[in-house]
Protein chains: 2
Amino acid sequence: MKTNFSNARESLESFFAQGKIFHGWLSPGFVLGVIMVDFAKELLGKCELTDAVVETKSCIPDAVQLMTCCTYGNGWMRVKGWGKMALTLYDKRKLNSIRVYVNCEEIKKYKPIEQWYMKSGHVEKTIVANEIIKAGRTILLWQKVKVEPHIKKDMIFNICTSCGESYPANECNLCPRCAGIDNYYEVE
Amino acid sequence: MKTNFSNARESLESFFAQGKIFHGWLSPGFVLGVIMVDFAKELLGKCELTDAVVETKSCIPDAVQLMTCCTYGNGWMRVKGWGKMALTLYDKRKLNSIRVYVNCEEIKKYKPIEQWYMKSGHVEKTIVANEIIKAGRTILLWQKVKVEPHIKKDMIFNICTSCGESYPANECNLCPRCAGIDNYYEVE
């Protein structure tokens, strides 16, 4: 799926096709993400190792994962839960960075996009996706930014005294679930 | 990359091969993730729509994204930053769920795995990955759990009065970055 990265003639259509499988459908956010990543890659130019930061959890992370070497699990794509349709690609070594975001004035020319983007009323998602493809980069802005280097902390691991599973050590000898900090399941 | 999901004869090796491209390399965590997801899928059985929760940000989310319909960007995979090598797959409609996690006693039989898992000393990652493949499901445990349904909240969007970009509305009319809640870049 990422084997054609170096092929300059690859088209956005190929990523849309891959997105139908990976993301599940051609959501407006995914389509927007593909156009944003393509733009950011071009602006950033060739770099040996790329890192990414996405400012929303929705859709756009999947475009980054399909179109760059950055995935959620390899740690090269970080996600900020800001709910902003914006992303930054940067050179992991040199730290020069390109941030791409949406031009809120320009999208007013495309009512279905504006309605979807501002969540200001129901609009057919397929129509929005097609409008985004039509608008392309015209609804995007970009800026050079400086990203702080992302440093992974070394962690010590403990066995939780309650569930017996391993977790990054903390003060109370309990993993986050057993400590009651967070939860999503009950054992049946 | 996920086109062969329905092929019962697909081997874990095919996912390892795909992982080299998607994840970037065969990390021990990715290899462990592939074995965990394969096990969880088998235990869960056939279900129309699967959701996933992963309890660590490292490596395992990529195995889930390659081997199920759940991705970070489509929202069907949630990630908890607990640092626990564990995951839950569940039927989105019926909510019956299988949680797979590591048997901390059993991994003591595999010193390289134990050292890597508990971060208790340097160990060659390729050796660990190979040991994990050798150990397979013998180092895993599972349990039936009940997952609370994941409900997406409807949000209202605002234009940030500082940067002019769109973001989910809050009390102060500023997006999280402009409000100083979180940041990762400076504009050059």
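Residues numbered from 1 in each chain as written. Chains lettered and ligands numbered in written order. Predicted model: local features only at pLDDT ≥ 70, side-chain atom pairs only at ≥ 80, totals over all residues. Heavy atoms only, no water.

Turning our attention to the relation of the copies chain B and chain A. Between the two copies of the chain lies a rotation about an axis combined with a shift along it. When chain B is fitted onto chain A, the two copies agree to an RMSD of 0.0 Å after a turn of 180° and an axial shift of 0.0 Å. In symmetry terms, the pair is related by a two-fold rotation axis. When the interface residues of chain B are mapped onto chain A, 100% of them are again interface residues, pointing to one common binding face. (Least-squares fit on C-alpha atoms with pLDDT ≥ 70 in both. Contact = heavy atoms within 4.5 Å.)

What follows is about the sheet that holds strand β5 (residues 140-147) of chain B. Taken in spatial order, the 6 strands line up as β8(A)-β5(B)-β4(B)-β3(B)-β1(B)-β2(B) in an open sheet, and their pairing is mixed. For this open sheet the edge positions go to β8 (185-187) of chain A together with β2 (77-79) of chain B, each flanked by a neighbour on one side alone. Adjacent strand axes in the sheet meet at a mean angle of 30°, parallel and antiparallel pairs treated alike. As judged from the 3 bridges shared by strand β1 (residues 50-54) of chain B and β2 of chain B, these two strands associate in the parallel manner. Looking at the pairing, V53 of chain B lines up with R78 of chain B of β2 of chain B. Along the sheet, helix α2 (residues 28-44) of chain B makes contact with β1, β3 (86-91), β4 (96-102) and β5 of chain B, crossing β4 of chain B at roughly 150°. (Pairing = 2+ DSSP bridges. Helix = DSSP H or I, 4+ residues; strand = E, 2+ residues; numbered from the N terminus. Axes fitted to C-alpha atoms, helices over the stretch in contact; angles between N-to-C directions.)

Residue and element names in this part refer to chain A. At a closest axis distance of 10 Å, the pairing of helix α1 (residues 12-22) and helix α2 (residues 28-44) adopts a crossing angle of 140°. Judged on the interaxial angle alone, α2 and α1 are oblique. Helix-helix and strand crossings are classified by hand; for α1 and α2 the assignment is right-handed. Every residue of α2 that contacts α1 at L12, F15, F16 and G19 is listed here: F30, V31, V34, I35 and D38. When grouped by side-chain class, the residues that make up the contact of α1 with α2 number 7 nonpolar, 1 polar and 1 charged. (Parallel < 35°, antiparallel > 145°, perpendicular 65-115°, else oblique. Left-handed = near helix turned anticlockwise from the far one by under 90°. Nonpolar A, V, L, I, M, F, W, Y, C, P; charged D, E, K, R; others polar.)

This next bit is on the packing of aromatic side chains. Throughout the structure, instances matching the rule amount to 8 aromatic pairs over all chains. For the ring pair W82 of chain A and Y184 of chain B, a centre distance of 5.8 Å and an interplane angle of 40° mean the geometry is tilted. Of this pair, W82 of chain A sits in the loop between β2 (77-79) and β3 (86-91) while Y184 of chain B sits in the loop between β7 (166-168) and β8 (185-187), on two different chains. Both residues of the pair, W82 of chain A and Y184 of chain B, count as buried. These aromatic residues form a ring-pair network of at least three members: W82 of chain A together with Y184 and Y185 of chain B. The ring of Y101 of chain A has R99 of chain A lying over it, and the distance from NZ or CZ to the ring centre is 4.9 Å. (Phe/Tyr/Trp six-rings, centres within 6.5 Å; stacked < 30°, edge-to-face > 60°. Buried < 20%, exposed > 50% of the residue type's maximum accessible area, 1.4 Å probe, protein only. Lys NZ or Arg CZ within 6 Å of the ring centre and 35° of its normal.)

All names here are of chain A. On average, chain A scores 91 in pLDDT, and the residues at 70 or more come to 95%. Predicted confidence is poor over residues 1-9, with pLDDT under 50, and the contacts of this stretch with residues over four places away or in other chains come to 22 contacts. As a predicted assembly, this complex carries a pTM of 0.91 together with an ipTM value of 0.90. (pLDDT = per-residue confidence, 0-100.)

Here we have 6 strands laid out as an open sheet, ordered β2(A)-β1(A)-β3(A)-β4(A)-β5(A)-β8(B), and mixed in their pairing. Looking at the sheet topology across the chains shown, the edges are occupied by β2 of chain A together with β8 of chain B. Strand-to-strand twist across the sheet, computed as the mean angle between neighbouring axes with direction ignored, equals 30°. Sheet topology note: the strand β1 (residues 50-54) of chain A/β3 of chain A ladder contains 5 bridges and is antiparallel. Across the sheet, A52 of chain A pairs through a bridge with L89 of chain A, a residue of β3 of chain A. In this fold α2 of chain A packs onto β1, β3, β4 (96-102) and β5 (140-147) of chain A, with an angle of close to 150° to the strand it touches most, β4 of chain A.

For the coordinates displayed, the defined rule picks out 0 disulfides over all chains. Considering cysteine sulfurs only, C178 of chain A is the nearest to C175 of chain A, which forms no disulfide, with 3.7 Å between them. (Disulfide = S-S within 2.5 Å.)

By secondary structure assignment, the location of T71 of chain A is in the loop between α3 (60-67) and β2. Judged by relative accessible area, which is 0%, T71 of chain A ranks as buried. A polar contact of 3.5 Å, which involves the side chain of T71 of chain A, links it to the backbone nitrogen of G73 of chain A. A polar side-chain atom of T71 of chain A sits 2.4 Å from a polar atom in the side chain of D62 of chain B. (Polar contact = N/O pair within 3.5 Å; in protein donor to acceptor, adjacent residues only side chain to side chain.)

Let us now look at unusual backbone geometry. One non-glycine residue with positive phi stands out, namely K119 of chain A, at about 50°. Mapped onto the fold, K119 of chain A is located in the loop between α4 (111-117) and α5 (125-135). Positive phi outside glycine occurs at N173 of chain B, with the angle close to 60°. Take N173 of chain B: it is sitting in the loop between β7 and β8.

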